[in-house]
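Descriptive analysis of the structure
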Amino acid sequence: MTVPFALLGLLEREPSHGYELKRDYDTYFGRDKPLPFGQVYATLGRLARDGKVIAGDAEPGGGPDRKRYVITEQGATEVQTWLAEPVEPEPHLQTVLFVKVVLALMLDRDAEKYLDRQRAAHLQRMRELTEVKRNAGTVDALMADHGLFHLEADLRWIDLTAARLSKLAEEVRA
Amino acid sequence: MTPLVEARDIHLSFGPTPALRGATLAVERGEIVAVMGPSGSGKSTLLHSLAGILAPDSGEVYLDGRRIDVLGEGERSALRRDRFGFVFQFGQLVPELTAEENVALPLLLGGARRAPALARARTWFDRLELDDLGARRSGELSGGQAQRVAVARGLVAGPEVLFADEPTGSLDSLTGERVMELLTATAREQNVTVVLVTHEPRVAAYADREVMVRDGRVTSPAPLVGAS
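It should be emphasised that the depicted structure is a prediction, and the values quoted were computed from it without experimental measurement.

Next up on the list: the pairing of strand β9 (residues 209-214) of chain B. Residues and elements named next belong to chain B. In terms of strand pairing, strand β3 (residues 32-36) meets β9 through four bridges, oriented parallel. Directly across from alanine 34, in β9, lies its bridge partner glutamate 210. Here β9 pairs with strand β10 (residues 217-219) via three bridges, running antiparallel. Note on β10: the bridge partner recorded for valine 213 is valine 218. Remark: two residues form the turn of the hairpin made by β9 and β10, two consecutive strands paired antiparallel; aspartate 215 in that turn has positive phi of roughly 50°.

Every contact between the two is made by 17 residues of chain A and, on the other side, twelve residues of chain B. Those elements that place two or more of their residues in the side of chain A that touches chain B are α4 (73-84), α6 (111-135) and α7 (138-163) of chain A. If you tally residues by element for the side of chain A that touches chain B, the top one is α6 of chain A, at nine residues. Here the side of chain A that touches chain B is built from residues that sort into eight nonpolar, three polar and six charged.

General note: in soluble globular proteins, nonpolar side chains tend to be found buried as a group. The biggest cluster of nonpolar side chains holds 103 residues, and the ones touching the most others in it are Val33, Val35, Leu46, Leu162, Phe163, Val195 and Leu196 of chain B. Ranked by the residues each element gives to this core, the list is headed by α6 of chain A, at seven residues. Residues from two domains meet in this core; each of domain 1 (1-84) and domain 2 (110-174) of chain A gives at least three. If we skip the residues at most four places from it in the chain, valine 195 of chain B touches Val5, Val27, Val33, Val35, Leu47, Leu50, Val161 and Phe163 of chain B.

All names here are of chain B. Per-residue confidence for chain B gives a mean pLDDT of 91, with 96% of residues at or over 70. A low-confidence stretch, residues 222-228 (pLDDT under 50), is modelled with twelve contacts involving residues beyond four sequence positions or located in other chains. Interface confidence for the predicted complex, given as ipTM, is 0.81, next to a pTM of 0.81.

Next up on the list: the sheet that holds strand β1 (residues 16-17) of chain A. All names here are of chain A. As summarised here, the arrangement of the three strands in space is β1-β3-β2, forming an open sheet in which the pairing is antiparallel. A single partner strand is all that each edge strand has here, and the edge strands are β1 and β2 (53-55). Alignment of β1 against strand β3 (residues 68-71), held across two bridges, turns out to be antiparallel. In the strand pairing of β3, serine 16 is matched with tyrosine 69.

What follows concerns the domain arrangement of chain A. In terms of domains, chain A is made up of domain 1 (1-84) and domain 2 (110-174). A straight line from the C-alpha centre of domain 1 of chain A to that of domain 2 of chain A covers 29 Å.

About the criteria used
Residues numbered from 1 in each chain as written. Chains lettered and ligands numbered in written order. Predicted model: local features only at pLDDT ≥ 70, side-chain atom pairs only at ≥ 80, totals over all residues. Pairing = 2+ DSSP bridges. Helix = DSSP H or I, 4+ residues; strand = E, 2+ residues; numbered from the N terminus. Contact = placed C-beta atoms within 7 Å. Nonpolar A, V, L, I, M, F, W, Y, C, P; charged D, E, K, R; others polar. Core = buried A, V, L, I, M, F, W, Y, C linked by C-beta atoms within 7 Å. Buried ≥ 20, exposed ≤ 12 C-beta atoms within 10 Å, placed from the backbone. Domains from an automatic or database assignment. pLDDT = per-residue confidence, 0-100.

Here is the structure:
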């Protein structure tokens, strides 16, 4: 689940109202699929219940939109851990990888080191699949190849992103 | 354990252009290590330094604990002939020789007599699925066949280390994979250490581990546990 971490990350940047979180989420991560307001507040509610954010007092005007949310120490620690961990290498990860890179840059974390770890995790998985192929029949070998080609596509994206990190940083920190 | 091949903090410039800026790498005996990195990162220069082809401006290169960067060209040349094997991207077979003679070349250069050298070369043809291609010249071989001949030539003299620079670079991916399968399987069987330069992840996946070269330095993957 990327949405709770994405919202936590945006909150670590600065305390925000729900509508501001939705606006920023849609700008950076939700271009194809904007986040419904209902999901924003449901997620914030769960994060508050679990002690990862604190909701400020409602400001004059009423309604959930009037609360400002602040990340807690526990929430910040979770963001830190999540950003540093490589994702389980499976095909079709681009969205999660992308969110991690953008948030790391916004929060001035070491995005390059994260990409290095992700590259290492991908290559480790590719070694395992290559080993599977060594002794496999055609069906298993082709399934391994399917995984290998997708992981390779991810890796190309990782390398390209690593090469363009400073440019991306300029844009998302603006 | 002493690494079999080691570079310590080596620097090397071509004129004003630095190619290596403090590269450090240790490879254990029997390991297959992929050296990856973008074009121009210094990965081939690192391989050539480890193999005693290039002498670094500063830093140290060791083979089995013995410093080799300070040796003269004659001694380094003997080292390359007696203890190392090489596979390059292309253009490495001698066109005037048959495939068999190409494979036997390192033995002949090492002083072996022609008949036993050719007989030993022939034993490699089955192993690398080259069967009855021994009499052909390089112009009559496909890219994948020529590359397997090159792998046989790299391994025929029983080297301790095989240096391979983009060994599948000129092949389509299926043919390249077959070459990598045969290269790594044979190297493991003969306990040959392999240093493999490649920019292709699918080729690197045949190695035991990979290192990245960036801006003339080697970066190993960071540990996966513990956030920084």
